[in-house]
Amino acid sequence: MQNDTFEGNVDQQEIEKFSAMAEQWWDLEGDFKPLHLLNPTRLDYIEVGVEGLFGKKIVDVGCGGGILAESMALRGAEVTGIDMAHASLQIARLHALETASEMTLQKPNYEKTTAESFAQAHAGEFDVVTCMEMLEHVPNPASVIQACCDLVKPGGTVYFSTINKTWKAYLMMIVGAEHVLKWVPKGTHEYEKFIRPSQLLGAIDATQLKCDDLCGVEYSPFNNDFKITKNVDVNYMLKCTKVG
């Protein structure tokens, strides 16, 4: 565990919120059902972008219960997941033990730390950094973006995903997902913390990262899954390369 000096960029209410839901991380019909439906789409997007995950050294920033981290390990990556929610990390470790026999290389390693502190200790060590559905839950997203840049090797790849700050996102992510469909508990999302692509790109431009791709992610009710689109009105993902 890192000696954390960046806990100021942690929203304790967010940590408590996700800790309270921790036991449901791997319940396919529970509070994290949307993430389980989304995960194959984001996993394929990441794998195609780096031309295969096998043997890649990856850190998943804001890993939660390990849904993405474990799926990347199952495809042969050497994965470290970091988060500040102790209860979520415990669930991630337990589930990794249950699926350890399926891992090609090794099960994910999980650490309780912030991105900033982890970057101080492991700068430039990773081929790939993923930071998915996390930026909208911290007080200072730009600080996390810089840490992700610091963690990846020159020429390496960083992925971000978050929620756009639009009326459509408010209707779908808060009114629809929380109040109508009840996919996630009320209060999971806060509209004020949603991030416009222009804001995210501005923060990326302040680092050594260069955005290579920006795409939207839309839910298809007919297939009960998510697909990559050009529409970034609600959920969107970015692929970046570290230059220099």
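Every value quoted in this text rests on a predicted model; they were computed, and no experiment measured them. (Residues numbered from 1 in each chain as written. Predicted model: local features only at pLDDT ≥ 70, side-chain atom pairs only at ≥ 80, totals over all residues. Heavy atoms only, no water.)

Draft legend 1. Spotlight on the nonpolar core. Core analysis: the biggest nonpolar cluster contains 34 residues, and Leu53 and Met72 have the highest contact counts within it. Looking at this core, the elements that each hand over two or more residues are α2 (33-49), α3 (67-74), α4 (86-98), β4 (126-132) and β6 (209-220). Considering every element that reaches this core, the biggest residue donor is α2, with 6 residues. If we ignore the near neighbours within four places in the chain, the residues touching methionine 72 are Leu43, Ile46, Leu53, Ile58, Asp60, Ala77, Val79 and Thr130. (Core = buried A, V, L, I, M, F, W, Y, C linked by side-chain atoms within 4.5 Å. Buried < 20%, exposed > 50% of the residue type's maximum accessible area, 1.4 Å probe, protein only. Helix = DSSP H or I, 4+ residues; strand = E, 2+ residues; numbered from the N terminus. Contact = heavy atoms within 4.5 Å.)

Draft legend 2. Representation of the pattern of salt bridges within the structure. Taken as a whole, this structure holds 10 salt bridges when the rule is applied. Aspartate 44 is the partner of arginine 75 in a salt bridge, and the nearest nitrogen-oxygen pair spans 3.0 Å. Of the two residues, arginine 75 sits in the loop between α3 and β2 (78-83) while aspartate 44 sits in helix α2, which places them 31 residues apart along the sequence. Its salt-bridge partner being aspartate 127, residue lysine 153 comes within 3.0 Å of it at the nearest N-O pair. Within this pair, whereas lysine 153 is found in strand β5 (residues 152-163), its partner aspartate 127 is found in strand β4, the two being separated by 26 residues in sequence. We classify lysine 153 as partly exposed; its relative accessible area is 32%. Take aspartate 127: its relative accessible area is 21%, and that puts it in the partly exposed class. Ionic contacts of the salt-bridge type, sharing partners, join the residues Asp11, Glu190 and Lys193 into one network. (Salt bridge = Lys/Arg side-chain N within 4 Å of Asp/Glu carboxyl O.)

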